[in-house]
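Reading the structure
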Amino acid sequence: MTVDDMGAELWALVHHLFQKYRHDPRKAVHELALRTHTEWPTEPDVPLPEIAPHVKQSSWYQEMCSRHASLVEDLRVKHQRDVADAKDLVLSLYPDGCSVSEYSEALRTCAAVLPCLVPSDSIDHLIQKRGADFQERGVHEVSCDELVSDVIEDLMIKALTPRQWWCRGASSIARATRMGVRSMPPTLYIEYERPAGVSRVRCIHLRANLRPNMPTAQLARRLATTHEALLSEAQFQSLLIRCQRLQGQIPVSSAATAPPTGTGVQASMVALPSTTADSPSPSALTARSSKPQKADLGLLYRDPDAALENVDLNDADDVTLQEFKEVMNERFKANVVRPGDPGYIYDKRVAVAKAAQKSEWDDDSD
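Residues numbered from 1 in each chain as written. Predicted model: local features only at pLDDT ≥ 70, side-chain atom pairs only at ≥ 80, totals over all residues. Heavy atoms only, no water.

The protein is annotated in an unreviewed UniProt entry as Centrosomal protein of 19 kDa from Leishmania braziliensis.

Encoded structure:
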């Protein structure tokens, strides 16, 4: 099996999924299709693969090989000037090639002057692979053409290949419909349709990964890398922050001893409860400045009153803006008086005091 047909990264994902779901290969196929945005075609005479190498017998494999080859060709065209410069560079450094004993140093020297950053593990892997090939063939010299090919195709083009290339420009085959969280143990729920009209639920358990007050950006990035077919990084970060907010509402003693409630998925999908906060002290209110303050997500959870006072949301990112809006909506719903509520007055009228001083806005103008 060669990794050049659809790339080492995708082959690594294939092996990972079939190892993870080795007792139920159908789940591996389902997850592989979801993550690569490519439906797995059902073919009458071709059974579903049970181990990773068997995917080569599927139409999915042919599709991914075709997409990978197209991507590589696009990279060559897009970076043709850099490719030409790299070729000239290798030819100038090693016009006659090199010996096998010099190959490792030659490869590292050429990689160091390429216009893109080549990971050291990629260089080490190529040296190991080519070393075994040289030994099997019994060669002692590496031609200039071979060296050029190794530097450009195996180092430069692969370094230019974007991570998770199979997601670029592809539409997801699933559609997320609802999201929910549970605080103890911390769990994210994503309800999605695949195919249309068929609902499924994905549970992401975060018992060892999410703690109250910890930064969520890195964890959201990791989750988006794995589950990008369902939610974006910003959506994951919003869910993580919600989960942290719920964790902060549970007393430490009860969180440590009481079993989690609402274990069903449906219970996790309902609207999150309103947050409550201690009232700020008069001295804190006096100390606050009347100058507009930037939206601070951490302050919003520590002291919502302080965070909402004269806040300027113009420069807030999408996640911060959404969280502030939710808290504002919760405050509004908590204070609104509806028909039937105590204190509700139909057609309430208030007398407005006469202005203490004249204003130019009071003057009629023709």
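After that view, the rundown keeps rolling.
In terms of regular secondary structure, the protein is built from 15 helices and seven strands. Out of the 366 residues belonging to the protein, those deemed buried represent 35%. Summarising the internal contacts of the protein: among those between residues at least 6 apart in sequence, 58% fall at separations of at least 24. (Helix = DSSP H or I, 4+ residues; strand = E, 2+ residues; numbered from the N terminus. Buried < 20%, exposed > 50% of the residue type's maximum accessible area, 1.4 Å probe, protein only. Contact = heavy atoms within 4.5 Å.)

Okay, the nonpolar core next. Residues Met6, Val14, Trp60, Leu107, Leu147, Leu188 and Phe236 are the most contacted members of the largest nonpolar core, which totals 73 residues. For this core, the leading source of residues is helix 7 (residues 144–160), giving eight residues. Domain assignment of the residues forming this core places at least three in each of domain 1 (8–165) and domain 2 (175–248). Counting residues in hydrophobic clusters, the runner-up holds seven residues, among them Leu300, Ala306, Val311 and Phe324. (Core = buried A, V, L, I, M, F, W, Y, C linked by side-chain atoms within 4.5 Å. Domains from an automatic or database assignment.)

Turning to the environment of Thr109, a few remarks are in order. Counting through the fold element by element, Thr109 comes out in helix 5 (residues 100–112). Assessed through its relative accessible area of 28%, Thr109 is described here as partly exposed. The spatial distance from the C-alpha of Thr109 to the C-alpha of Leu93 is 9.1 Å, given a sequence separation of 16 residues. When neighbours within four sequence positions are excluded, Thr109 is seen to be in contact with Leu93 and Tyr94. There is a polar contact of 2.8 Å between the side chain of Thr109 and the backbone oxygen of Glu105. (Polar contact = N/O pair within 3.5 Å; in protein donor to acceptor, adjacent residues only side chain to side chain.)

Counted under the stated rule, the structure contains four aromatic pairs. Each ring, one from Trp40 and one from Trp60, has its centre 5.1 Å from the other, and the planes form 15 degrees; the classification is stacked. Note that Trp40 is positioned in the loop between helix 2 (25–35) and helix 3 (59–78) and Trp60 in helix 3, a separation of 20 residues in sequence. Given the relative accessible area of 0%, Trp60 is considered buried. (Phe/Tyr/Trp six-rings, centres within 6.5 Å; stacked < 30°, edge-to-face > 60°.)

The subject of this paragraph is the pattern of salt bridges. With the rule as written, the count across this model stands at 18 salt bridges. A salt bridge links Arg130 to Glu146; the shortest N-O distance between them is 3.2 Å. Of this pair, Arg130 sits in helix 6 (residues 120–137) while Glu146 sits in helix 7, and the two are 16 residues apart along the sequence. A relative accessible area of 11% means that Arg130 is categorised as buried. (Salt bridge = Lys/Arg side-chain N within 4 Å of Asp/Glu carboxyl O.)

This part takes up the side chain of Glu193. Take Glu193: it is sitting in strand 4 (residues 187–193). At a separation of 3.3 Å, a polar atom in the side chain of Glu193 contacts the main-chain amide nitrogen of Gly197. Sequence-distant contacts of Glu193, defined by excluding residues within four places in its chain, comprise Ile173, Ala174, Arg175, Thr177, Val198 and Ser199.

A volume near 740 Å³ is recorded for the largest pocket. As for the largest pocket, its lining consists of 26 residues, of which Ala8, Ser122, Asp154, Lys158 and Ala159 are closest to the centre. When contributions to the lining of the largest pocket are tallied by element, the ones reaching two or more residues are helix 1 (8–20), helix 3, helix 6 and helix 7. The greatest single-element share of the lining of the largest pocket, amounting to six residues, is contributed by helix 7. Residue composition of the lining of the largest pocket, by class: twelve nonpolar, five polar and nine charged. (1 Å grid on protein atoms, 1.4 Å probe; cavity = no way out; pocket = protein on both sides within 12 Å on 5 of 7 lines; lining within 4 Å. Points joined across faces, edges and corners; volume = space filled by probe spheres on them. Nonpolar A, V, L, I, M, F, W, Y, C, P; charged D, E, K, R; others polar.)

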